[in-house]
Amino acid sequence: MKKFINDVSKVEEQMVLGMVKAYPNYLKKLDCGNVVVRSNKKEGKVALISGGGSGHEPAHGGFVGEGMLDAAVAGAVFTSPTPDQILEGIRAIATDAGVLMVVKNYTGDVMNFEMAADMAELEGIPVKHVVTNDDVAVKDSLYTIGRRGVAGTVFVHKIAGAKAEQGASLDEVQAVAQKVIDNVRTMGAAITPCTVPAAGKPGFELGEDEMEVGIGIHGEPGTHREKVRPADEVTGHLLDQILGDIDYVGHEVAVMVNGSGATPLMELFIINNHVADVLAEKGVKVYKTFVGEYMTSIEMQGFSISLLRLDDEMKQLLDAPANTPAWKEV
C-alpha cells in the first residue's frame, strides 16, 4: 500500500483537522469525534446533519456551510459513525426549529442515526430523517436492505439545505428532501479498486481489461463484470438503466457526473459529452450539469451518473445560494 498518510489509526482525525484548518471560515470541529459544524451557527432554522464513513470526500464535510448542511459526522473509512458522535453533532446544531438527518441507505448508518435521533428526542430535540436510495444497480447488497444511497444524496443536501435556509418548517424540509429522493437515480462503474488504509490492500480485484458495472461507493459488487468498453458504450448502458427506472421524458433534469476519486476530469467530460447527447435525443432537457468529485471512493477509478427530475420548486432551490468548501455554483 502506497499512500500519503502518517498513522493508519489517525487517518480520519488528521483529515478532518486538515479540512477545518483549510476552511476555518466555513467549518469548526467538535471536541467529541470527527464531527464538523458550520463556523457560524444560524439560529431559528431547521438544521441539517449528514455523514457516514470517511473515504467519500468531499462528502460530507465539504458540504457543510450556508445553504447546505449544518453538520457532518465522519466515521472510520467506509464505517458508520457511532450514535454518540451523531448525537454530539445534533446537539451542536439543534435549534427550536428541529433537525433533519439525511442518511444514506446502509444498515449501519440507518441504525446509528436512528439511535442518535432517539437519544436526541429524549433531550427534547425534534428530529426527523430521510433515507437516500438512489442507486438503480442493486436492490440489496452487502451493506443494505433495498437500494444503496450514493451520489444523488448531494442533491438532497443542496435542495433541502436551501429550503431550510429559507426558514421552512421541519416537516416542509423533510418533504422536499423526500421529493428529491423520489426523483433522483444513480448508477456507476469502475475500472480499478480502492484500498482502505486499515486493510492495506485493495478491497477487490479487477483484471487489466475488466470493469465492474453498477459498483457501490464502498467497492461493493455491482450487476456484473465485463471487458472494458468505450466510454460512450458504458455511459449509454448506465443511462438506459436510469432512464428505465423513472420517466424523465419531457422533464427538465439536473445531471451529476461524479468521479470516484481517481478519474481524470478529461474522462468525466468525455462521459458528460455522451450524457448530454443521449438526453437530448430522448427528449430530456438538461437544466443544469455538475461534473467533478462530489462523493468519492478514496482512489477508485470510476464514475457515476445521477439524474434528478426537477419541478419548479426544486429548480428554485437548486439555484439558491450556497457557500461551502466543496459546492461550486454553476
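Relevant structure appears above.
This text gives an overview of the structure that appears in the document. Given the structure is predicted, the values throughout are model-derived calculations rather than measurements.

## Quick word on the overall build of the protein chain
Along the backbone of the protein chain there are 8 helices and 12 strands. Along the first, second and third principal axes, the C-alpha set of the protein chain runs to 55 × 50 × 35 Å. Here the protein chain holds 330 residues, and 56% of them are scored as buried. Within the structure as shown, the protein chain displays about 13,500 Å² of accessible surface, and the carbon and sulfur contribution to it stands at 52%. Where the 30 positive side-chain charges of the protein chain centre and where its 46 negative ones centre are 2 Å apart.

## Notes on unusual backbone geometry
Excluding glycine, a negative phi dihedral is what most residues carry, and trans is how most peptide bonds are arranged. Omega for the bond connecting Glu57 with Pro58 falls within 30 degrees of zero, at 15 degrees, which places this linkage in the cis form. With respect to the element layout, Pro58 can be found in the loop between strand S3 (47-54) and strand S4 (71-77). The phi dihedral of Phe78 is positive, around 55 degrees, even though this residue is not glycine. Note on placement: Phe78 falls in the loop between S4 and helix H2 (83-93). At Ile298, a residue that is not glycine, the phi angle is positive and equals roughly 55 degrees. Tracing the sequence through the fold places Ile298 in the loop between strand S11 (285-292) and strand S12 (301-309).

## Considering the environment of Glu88
Within the secondary structure, Glu88 sits in helix H2. According to the relative accessible area criterion, Glu88 is partly exposed, its value standing at 26%. In the structure, Glu88 is positioned 15 residues away from Val73 in sequence and 9.3 Å away in space, judged by C-alpha atoms. Contacts of Glu88, omitting those with residues within four sequence positions, involve Leu30 and Cys32.

## Description of the sheet that holds S4
In spatial order, the strands read S1-S2-S4-S3-S5-S6; together these 6 strands make up an open sheet with mixed pairing. Either end of the sheet is taken by a strand with one partner, and the two such strands are strand S1 (27-29) and strand S6 (127-132). When the angles between neighbouring strand axes are averaged without regard to direction, this sheet yields 25 degrees. Note that S3 and S4 share 6 bridges and pair parallel. Bridging from a neighbouring strand, Gly53 pairs with Gly75 of S4. Set on the sheet, helix H1 (residues 11-22) makes contact with S1, strand S2 (35-38), S3 and S4; between it and S1 the angle comes to about 145 degrees. Sheet strands touched by helix H4 (residues 153-165): S2, S3, strand S5 (99-104) and S6. Its angle to S3, the strand with the most contacts, is close to 160 degrees.

## Let's talk about the packing of H4 against helix H8 (residues 312-319)
Contact geometry of H4 with H8 gives a least axis separation of 8 Å together with a crossing angle of 90 degrees. The angle between H4 and H8 places the two elements in the roughly perpendicular class. Residues Phe155, Lys158, Ile159, Ala162 and Lys163 of H4 touch H8, and the partners they reach there are Glu313, Met314, Leu317 and Leu318.

## Re the pattern of salt bridges
Applying the stated criterion across every chain yields a total of 22 salt bridges. Lys285 is the salt-bridge partner of Glu252, the closest N and O atoms lying 3.9 Å from each other. Taken together, the residues span a long stretch of sequence, with Glu252 in strand S10 (residues 252-259) and Lys285 in strand S11 at a distance of 33 residues. According to the relative accessible area criterion, Lys285 is exposed, its value standing at 54%. Overlapping salt bridges, with partners in common, bring together Arg38, Lys42, Lys45, Asp70 and Glu165 in one network.

## Brief notes about the environment of Met187
Among the structural elements, Met187 can be located in strand S7 (residues 184-192). Overall, Met187 belongs to the buried group, its relative accessible area being 2%. A C-alpha to C-alpha distance of 30 Å links Met187 and Ala116, two positions 71 residues apart in sequence. In contact with Met187, other than residues within four places in its own chain, are Asp135, Val136, Ala137, Val213, Gly214, Thr223, His237, Leu238, Gln241, Ile242, Ser304 and Ile305.

## With respect to the sheet that holds S12
Strand order in the open sheet formed by 6 strands is S9-S8-S7-S12-S10-S11, and the pairing between neighbours is mixed. Edge positions in the sheet fall to strand S9 (224-227) and S11, since each of these pairs with one other strand and no more. Strand-to-strand twist of the sheet, defined as the mean angle between neighbouring strand axes without regard to direction, takes the value 20 degrees. Against the sheet, helix H6 (residues 231-243) engages S7, strand S8 (210-213), S9 and S12, with an angle of about 35 degrees to S12. Against the sheet, helix H7 (residues 265-281) engages S10, S11 and S12, with an angle of about 155 degrees to S10.

Cut-off values and rules
- Residues numbered from 1 in each chain as written.
- Predicted model: local features only at pLDDT ≥ 70, side-chain atom pairs only at ≥ 80, totals over all residues.
- Heavy atoms only, no water.
- Helix = DSSP H or I, 4+ residues; strand = E, 2+ residues; numbered from the N terminus.
- Buried < 20%, exposed > 50% of the residue type's maximum accessible area, 1.4 Å probe, protein only.
- Areas by Shrake-Rupley, 256 points an atom, 1.4 Å probe, with all protein chains shown as cover.
- Lys, Arg positive; Asp, Glu negative; His and termini not counted.
- Charge placed at Lys NZ, Arg CZ, Asp CG, Glu CD.
- Contact = heavy atoms within 4.5 Å.
- Pairing = 2+ DSSP bridges.
- Axes fitted to C-alpha atoms, helices over the stretch in contact; angles between N-to-C directions.
- Parallel < 35°, antiparallel > 145°, perpendicular 65-115°, else oblique.
- Salt bridge = Lys/Arg side-chain N within 4 Å of Asp/Glu carboxyl O.

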